[in-house]
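# Report on the structure
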Amino acid sequence: MSEHPTEQGQRHSGTEGNLQVNQAATVLIAGGTGLIGQRLKQLFEKKGYTVLVLTRRPKANHEVFWDPSNGKIDLEKLAAVQCIINLCGENIGAARWTASRKAALIKSRVEPAVFLASILDKLPALNYYIGASGVNCYAAEPGVVYHESAPYGPDFLSTVVQAWEKAHQEILKQVKGSVLRIAMVLTPQGGALAAMKRPIAMGIGSAIGSGEQMSPWIHIDDLCELMIFSFEKQLEGTYNALAANNSNSDLTKTIAQLLHKPLWAPKVPAFALKLLLGERAFLVLTNLKASNQKLIQTGFSFKYPDLKQALKPLLTKS
Ligand SMILES: NC(=O)c1ccc[n+]([C@@H]2O[C@H](COP(=O)([O-])OP(=O)(O)OC[C@H]3O[C@@H](n4cnc5c(N)ncnc54)[C@H](OP(=O)(O)O)[C@@H]3O)[C@@H](O)[C@H]2O)c1
């Protein structure tokens, strides 16, 4: 596939706007050892792609060493890479948001993207980039449905996303691509669903806060298919990546129903959660409704657009 610099200095595929992606193409998942990356690798491979993973601790043949903090990367293994999907970032929900943890959450996202921007000219086959981001980046006013054009919110997560996307945009000055503002990812193991499921499975689950707060979500397979679709269709721009928005009560009730567990406990009051989790309680108490209209207009269709339909295979598999 031929490549040529555009007026902006971007490297595009030779078939502008109508890409014939080579299904034997090599894709590189930076941060691909995690929850999303592992599934994304499987689904890319199922379609015939070759997948490499950038990791600070390579263990397998397809894993390539890098150390973005110290500017190190095993470049010679990356000569065939046509697409990079950048999923790097320390887990947002894993620990209390102390000042040092907040700094680490930002650094672990910005630093890998800034480093990638500095080595793109050494990847001769590269023609597409996908930057992961988060949908929790809007002011989250009740009753508002947030589209991608809305400004960033004032809270910590919005600050993370703003810095993260600024770094992605530096890459997108050099190569075509998209930024996906990912909603809560529903997966068979780990992530938010495991945390919600645990107390319900023990028979002590309940909704949180008022239970009316809305959460955007996406099934992991839809998210991975969306990343593949973005590459194959060469989408450009920023997209909210969610299937739907549901309330915390909806989520709790649907999980309990699918697990055949009763919900008898009173709702967990917001103040108790704030005491327990500190500022991190924002993750479960925030009331955000986002739009996926821009995504739908690209022609992408969800396999799991409905909450119960999405949760059923996940809760019966795990
Ligand atoms: N899961 C969700 O519900 C969700 C929702 C919205 C957005 N996202 C975003 O999507 C991305 C992937 O999510 P995930 O759930 O797959 O995350 P994950 O399981 O925590 O994996 C993140 C990956 O990032 C890499 N990483 C962490 N710190 C790094 C650093 N300082 N430098 C370089 N690499 C680093 C790790 O790779 P190595 O340790 O192997 O180097 C790890 O494999 C994250 O950025 C996350 O914030 C996820």
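Everything numeric in this text was worked out from a predicted model, so none of it was measured. All residue numbers refer to positions counted from 1 along the written sequence of the respective chain. With pLDDT at 70 or above as the cut-off, local features in this predicted model cover only qualifying residues; side-chain atom pairs require 80 or more to be listed or tallied, and sums for whole chains, interfaces and linings still use all residues. Calculated side-chain values reflect all of the structure's heavy atoms, with hydrogen atoms and water omitted.

## Points about the overall build of the protein chain
As a reminder of what qualifies: The numbering of helices and of strands both runs from the N terminus, where a helix is a DSSP run of H or I of at least 4 residues and a strand a run of E of at least 2. Per-residue accessibility, obtained with a 1.4 Å probe over protein chains only, is compared with the maximum for each type, and a residue is labelled buried under 20%, exposed over 50%, and partly exposed between these values. In what follows, a contact means two residues having at least one pair of non-hydrogen atoms within 4.5 Å. Here, Shrake-Rupley sampling with a 1.4 Å probe gives the accessible areas, and only protein chains in the shown set may cover a residue.
Counting secondary structure elements, the protein chain contains 10 helices and 15 strands. Split into buried and exposed, the 318 residues of the protein chain put 53% on the buried side. Counting only contacts in the protein chain whose residues sit at least 6 apart along the sequence, the fraction spanning at least 24 positions is 78%. Total accessible area computed for the protein chain in this model is approximately 14,500 Å², and 54% of it derives from carbon and sulfur atoms.

## Side note on the sheet that holds strand β11 (residues 184–186)
The following threshold applies: By definition, two strands form a pair when at least two bridges between them are found by DSSP. Think of each axis as a best-fit line through the C-alpha atoms, taken over the contacting stretch in the case of a helix, with angles from 0 to 180 degrees between the N-to-C directions.
If you trace the 3 strands from one edge of the open sheet to the other, you get β11-β12-β14, paired in mixed fashion. Two strands lie at the open edges of the sheet, namely β11 and β14 (244–247), each paired on one side alone. Mean inter-strand twist for the sheet, computed between neighbouring axes without regard to direction, equals 45°. Relative to strand β12 (residues 214–219), β11 is paired through 3 bridges, and the arrangement is parallel.

## Overview of the site of the ligand
Heads up, the condition is: In these notes, residues near a molecule or strand are those with any non-hydrogen atom within 4 Å of it. We define a polar contact as two N or O atoms separated by no more than 3.5 Å, with the added condition that, inside protein, one atom must be a possible hydrogen donor and the other a possible acceptor, whereas residues neighbouring each other in sequence contribute only through side-chain atom pairs.
Near the ligand there are 22 residues, and of these Thr33, Ile36, Thr55, Arg56 and Arg109 occur at the shortest range. Between Arg56 and the ligand, the recorded distance is 2.8 Å, taken from a side-chain N or O atom to an oxygen atom. Between Gly89 and the ligand, the recorded distance is 3.2 Å, taken from a backbone N or O atom to an oxygen atom. For the ligand, whose accessible area on its own is 890 Å², the fraction buried by protein is 83%. When contributions to the shell around the ligand are tallied by element, the ones reaching two or more residues are α1 (35–46), α2 (99–119) and β11.

## Let's talk about unusual backbone geometry
Positive phi, normally seen in glycine, also occurs at Ala140, with a value near 55°. On the basis of relative accessibility, which here comes to 16%, the residue Ala140 falls in the buried class. A positive phi angle, close to 55°, is found at His260, a residue other than glycine. Along the chain, the position of His260 falls in the loop between α6 (248–259) and α7 (270–277).

## Some words on the side chain of Gln213
Positionally, Gln213 belongs in the loop between α4 (191–201) and β12. Apart from residues lying up to four places away in sequence, Gln213 is in contact with Ile208, Asn246, Ser247, Asn248, Val284, Leu285, Thr286 and Asn287.

## Thoughts on the nonpolar core
Just so we agree on the cut-off: Only buried residues count toward a nonpolar core, which is a set of Ala, Val, Leu, Ile, Met, Phe, Trp, Tyr and Cys residues joined through side-chain atoms within 4.5 Å.
Within the largest apolar cluster, 69 residues are counted, with the highest numbers of intra-cluster contacts made by Leu40, Phe44, Ile85 and Met227. When residues of this core are assigned to their parent elements, the largest contribution, 8 residues, is made by helix α5 (residues 220–233). Discounting residues that sit within four places of it in the chain, Met227 has contacts with Ile36, Leu40, Ile85, Leu87, Ile130, Leu180 and Ile182. Val81, Leu126, Leu172 and Val179 belong to the second-largest nonpolar core, a separate cluster that totals 25 residues.

## Considerations on helix α3 (residues 156–172)
In an α-helix, one turn spans 3.6 residues; hence positions three or four apart end up facing the same way. Put simply, the test is: Helices are assigned an expected span. That span is 1.5 Å times one less than the residue count.
Over its 17 residues, α3 extends 24 Å from the first C-alpha to the last, a length consistent with the 24 Å expected when each residue adds 1.5 Å. Turning to α3, its buried residues are Phe156, Leu157, Ser158, Val160, Val161, Trp164, Glu165, Ala167, His168, Ile171 and Leu172. Buried residues belonging to α3 abut β7 (81–86), α2, β8 (128–134), β10 (177–182), β13 (237–241) and α8 (282–285).

## What about the sheet that holds strand β5 (residues 63–67)?
Pairing is mixed across the open sheet formed by 8 strands, whose spatial order is β6-β5-β4-β3-β7-β8-β10-β13. Two strands bound the open sheet, and with one partner strand each, they are β6 (72–73) and β13. Looking at chain direction, β7 and β8 are connected through 4 bridges and run parallel. Bridging from a neighbouring strand, Ile84 pairs with Tyr129 of β8.

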